[in-house]
There are 2 protein chains.
Amino acid sequence: MALIVQKYGGTSVGDLDRIHNVAKRVAKSYDQGNDVVVVLSAMSGVTDKLIEMAYQASEKPCKREMDVLLSTGEQTTVSLMAMTLQQMGYKAESLLGFQADIQTDNGAGKARIMSIGAGRIKRLLADKKIVVVAGFQGIDADGNITTLGRGGSDTSAVAIAASVKADACEIYTDVDGIYTTDPRICDKAKKLERISYDEMLEMASLGAKVLQIRSVGFAKKYNVPIHVRSSFNEEEGTMVVNEDSGMEQLVVSGVTLDKNEARITVKRVPDQPGVSAKIFSPLAEAGIQVDMIIQNTRSGGETDLTFTVTKADYKDAIDITKKVAEELGGKEVLVADDIAKVSVIGVGMKNHSGVASRMFQALADENINIRLITTSEIRISCVIDERYAELAVRILHDAFALDEL
Amino acid sequence: MALIVQKYGGTSVGDLDRIHNVAKRVAKSYDQGNDVVVVLSAMSGVTDKLIEMAYQASEKPCKREMDVLLSTGEQTTVSLMAMTLQQMGYKAESLLGFQADIQTDNGAGKARIMSIGAGRIKRLLADKKIVVVAGFQGIDADGNITTLGRGGSDTSAVAIAASVKADACEIYTDVDGIYTTDPRICDKAKKLERISYDEMLEMASLGAKVLQIRSVGFAKKYNVPIHVRSSFNEEEGTMVVNEDSGMEQLVVSGVTLDKNEARITVKRVPDQPGVSAKIFSPLAEAGIQVDMIIQNTRSGGETDLTFTVTKADYKDAIDITKKVAEELGGKEVLVADDIAKVSVIGVGMKNHSGVASRMFQALADENINIRLITTSEIRISCVIDERYAELAVRILHDAFALDEL
């Protein structure tokens, strides 16, 4: 007998039939003798519809009121789930964010969980009830409803699992685990049995949208094992765990692709202190997030500075950069939005040399030119021309023999 | 400058255009220098849709979970209203039942308000904000969401008005006031300028569905003046006030019609103590509400007992009554569902004789047979054959010259 937190996403509870299927799955775990806490998202599409209504009411809806509106989505699914479980003969009770005592800061629309009082959940479990908690929502110190941002239900589930000291946190989704790369791009992609929190953090931030990145950070901090699996079949998915937990360390666990960035290069700015700050401060003030930053040495007291931003921010970023470059005496601003970033990720890199050279050689063998390179302890990313993006993913998947896992 | 509570029903906030119209009306009152608290229902149709979903999830949805589900309706309208007011340049903030500290008992689905903490509403008003409160909902002592039953937003509004000591409680609806009778039946019906709480209580319970009856009881208890008016035009509606408040006392203020009852008569039961209890106890145990009860004297130690129930309970009531009648030695059970109840109502009756005889004579003049009669201090009701229902209303409206108000 164990204490299990199960989280189901929007497609898994997309209509009453699917809610019924999820209820059967929950009941099965309960029948096996487990205490079960279920965390739910809104039915798929509902959140988007609510946002659309908000934008009809106001050009720039106030975030506090948006959170009041959006939180109805999960409120609907948890009550319907509790009713469905009761109809099947189980004791069940729904809890909204404030009822489950999910305390957040006051960052409406993307609030952070400060604490969870496990008392009420524990009391209901002691009463042999299945507890159905609304994901994505909490309450701030002033009693305002808050939401945790897109994908926030993952974070709710992990945080609740940490708070009630659950044995496992199962994240049910519409894919059946974490893959070595996107199977739509590379048909040799393999499902990973295990992946470390750190690798998952790199995967999530690089576009593998299975888990909200903050939930992985939370899981790492409180050492909550996450089991990512499909709500549509019974197969084992992927365990996201501490890298020390006896797993075989792969040199490379996955290849990711991000086509959502664009590149800006400022050529030949003076190579002197304060130049980077002068370029990046106005971008930060405009709320533009910069991803990669690369500065190349150049002769003659000048330097080239290259960085990437999301395509959504690209045009604003060009305008700001051109203005600053002119003030600094920069000679030229080069721009490109037909780029893609491919990355290889693996905790094993820490202890293995030669990963970078193998990656560069594999791309070179296919005449794919590398425009930018950045690395972290467990990741190497290359910016290449967008037209080679999918080809590069397949080449790298082969180069690191990920299909042989 | 005054403190005004305005309540808008489901049709008044039925879509975003209508919400915008309501917002303009709210803003106008605010611009006149008033402090404004707005209480809203769910968009028309939404509650019915949610109930339908609940019955798809469960044959007999648990009331606690039903309340969680239904309360999303008002949550949606208050957030959209706050956004709309903000878009128009006003400071506004929504409050859900629990945030407005609307404490109820634990009677899920038809909870009663126990207390309202005016503190948060008062603080927001002091900050010159328009406060938008979700009607129909509250929270019980255990932190469960509760709802107040159909039409409960009226009660929310009146209770909030009592709690914040508002100068007036305006109930905006899709009719422009309280009429002497249903204008769809009698085209001479006239809008009343004023009506007393007691008359309104009789009207509400007899089928004039403009105000939830409990809201009128609340208003009477705390002496909150209610102004019932249309949300679609600017005309003055009807004031529902204390009968001592300087109003001219009409002998008869209105004629009501109720076609939703059916009649059951138990013939010739023993005229001895305990017989009534034996008949009505099993009905009460089955949750069947009995409206009129009339016992006629009969010779020979026997009596006839007649009562009415709603048509929804009619068949169950017959089964139960037949069984009891047999046990009691009753000779016959007569039933009829083709009946209607017409009533005349007026506080002036207390001080005027001859109202009953005028009513009976008017019906007799048209050869309408009276099957049952009951009276209260300010009401006389006659059960007649259903086919004469509308005719009787028009006759009585004329007989008491209500079109000459």
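As recorded by an unreviewed UniProt entry, chain A carries the name Aspartokinase and is attributed to Desulfoluna limicola. On record in UniProt, under Catalytic activity (unreviewed entry), the comment for chain A is "L-aspartate + ATP = 4-phospho-L-aspartate + ADP". Of chain A, the UniProt comment under Sequence similarities (unreviewed entry) reads exactly: "Belongs to the aspartokinase family."

All right, on to the nonpolar core then. Soluble globular proteins: nonpolar side chains tend toward being buried together. Formed by 74 residues in total, the largest nonpolar core has its most connected members in Met81(A), Leu85(A), Ile130(A), Met81(B), Leu85(B) and Ile130(B). Val37(B), Val39(B), Leu124(B) and Ile195(B) belong to the second-largest nonpolar core, a separate cluster that totals 42 residues.

This next bit is on a positive patch on the surface. Residues Lys60(A), Lys63(A), Lys110(A) and Arg112(A) make up a contiguous surface patch of positive charge. Mapped onto the fold, Lys110(A) is located in the loop between strand 4 (102-104) and strand 5 (113-116).

Now for the UniProt feature "domain: ACT" (unreviewed entry) in chain A. All names here are of chain A. Per the UniProt annotation, the sites labelled "domain: ACT" (unreviewed entry) are residues 264-338 and 344-405. Secondary structure across residues 264-338 comprises 35% helix and 39% strand; the distance between its end C-alpha atoms is 11 Å. Between the first and last C-alpha atoms of residues 344-405 the distance is 15 Å; the span itself is 35% helix and 23% strand.

All names here are of chain A. With respect to the helices and strands, Gly97 occurs in the loop between strand 3 (92-95) and strand 4. Along the primary structure Gly97 and Gly138 are separated by 41 residues, whereas in three dimensions their C-alpha atoms are 4.3 Å apart. When near neighbours in sequence (up to four residues on either side) are disregarded, Gly97 contacts Ile102, Ala134, Gln137 and Gly138.

With that settled, consider the interface of chain A and chain B. If you look at the interface, chain A gives 41 residues, while chain B gives 41 residues. For the pair chain A and chain B, the summed buried surface comes to about 3100 Å²; carbon and sulfur atoms form 59% of the total. For the pair chain A and chain B, the interface holds 2 salt bridges. The shortest N-O distance in the salt bridge between Glu93(B) and Arg64(A) comes to 3.4 Å. Applying the counting rule to chain A against chain B returns 20 residue pairs in polar contact (both at pLDDT 80 or more). For the side of chain A that touches chain B, the secondary-structure elements that each account for two or more residues are helix 2 (46-57), helix 3 (63-87) and strand 3 of chain A.

It is worth spelling out the packing of helix 10 (residues 355-365) of chain B against helix 11 (residues 389-399) of chain B at this point. Working note: a packed helix pair is described by the angle between its axes plus the distance between those axes. Residues and elements named next belong to chain B. Interaxial distance between helix 10 and helix 11 falls to 10 Å at its minimum, and their mutual angle equals 130°. Between helix 10 and helix 11, the crossing angle belongs to the class labelled oblique. As for the relative orientation of helix 10 and helix 11, their crossing is right-handed in sense. Between helix 10 and helix 11, the contacting residues are Arg358, Met359, Ala362 and Leu363 on the first element and Ala392, Ile395, Leu396 and Ala399 on the second.

Let us now look at the sheet that holds strand 17 (residues 332-336) of chain A. All names here are of chain A. Ordered by their spatial adjacency, 4 strands build an open sheet running 15-16-14-17, and the pairing between neighbours is antiparallel. With partners counted over all chains shown, the strands left at the sheet margins are strand 15 (290-297) and strand 17, one partner each. The sheet shows a mean angle of 15° between the axes of neighbouring strands, taken without regard to direction. Note: strand 14 (residues 261-270) against strand 17, 5 bridges, orientation antiparallel. Within strand 17, the residue paired with Thr265 across the bridge is Leu334.

Turning our attention to the environment of Ser230(A). Residue and element names in this part refer to chain A. Structurally, Ser230 can be placed in strand 11 (residues 226-230). Since its relative accessible area comes to 4%, Ser230 is described here as buried. With 53 residues separating them along the chain, Ser230 and Gly177 place their C-alpha atoms 6.9 Å apart. With near-sequence residues (within four places) excluded, Ser230 lies in contact with Arg25, Tyr172, Thr173, Val175 and Asp176. Here Phe232 takes part through its backbone nitrogen, which lies 2.8 Å from a polar atom of the side chain of Ser230. Within polar-contact distance, the side chain of Ser230 engages the backbone nitrogen of Asn233 at 3.5 Å.

Moving on: helix 8 (residues 275-285) of chain A. Residues and elements named next belong to chain A. Among the residues of helix 8, those classed as buried are Val275, Ile279, Phe280 and Leu283. Down the axis, helix 8 shows its buried residues gathered within 100° of arc, on one side only. Opposite the buried face of helix 8, at more than 90 degrees from it, the exposed residues are Lys278, Ala284 and Glu285. Gly287 lies just past helix 8 and shows a positive phi near 75°.

Reading the values: the criteria
Residues numbered from 1 in each chain as written. Chains lettered and ligands numbered in written order. Predicted model: local features only at pLDDT ≥ 70, side-chain atom pairs only at ≥ 80, totals over all residues. Heavy atoms only, no water. UniProt positions renumbered as here; feature names shortened; annotations may be inferred. Core = buried A, V, L, I, M, F, W, Y, C linked by side-chain atoms within 4.5 Å. Buried < 20%, exposed > 50% of the residue type's maximum accessible area, 1.4 Å probe, protein only. Patch = residues over 30% accessible without salt bridge, like charges linked within 9 Å, V, L, I, M, F, W, Y side chains within 5 Å. Areas by Shrake-Rupley, 256 points an atom, 1.4 Å probe, with all protein chains shown as cover. Salt bridge = Lys/Arg side-chain N within 4 Å of Asp/Glu carboxyl O. Lys, Arg positive; Asp, Glu negative; His and termini not counted. Charge placed at Lys NZ, Arg CZ, Asp CG, Glu CD. Helix = DSSP H or I, 4+ residues; strand = E, 2+ residues; numbered from the N terminus. Contact = heavy atoms within 4.5 Å. Buried area = accessible area lost by both parts, 1.4 Å probe. Polar contact = N/O pair within 3.5 Å; in protein donor to acceptor, adjacent residues only side chain to side chain. Axes fitted to C-alpha atoms, helices over the stretch in contact; angles between N-to-C directions. Parallel < 35°, antiparallel > 145°, perpendicular 65-115°, else oblique. Left-handed = near helix turned anticlockwise from the far one by under 90°. Pairing = 2+ DSSP bridges. Arc of directions from axis to C-beta.

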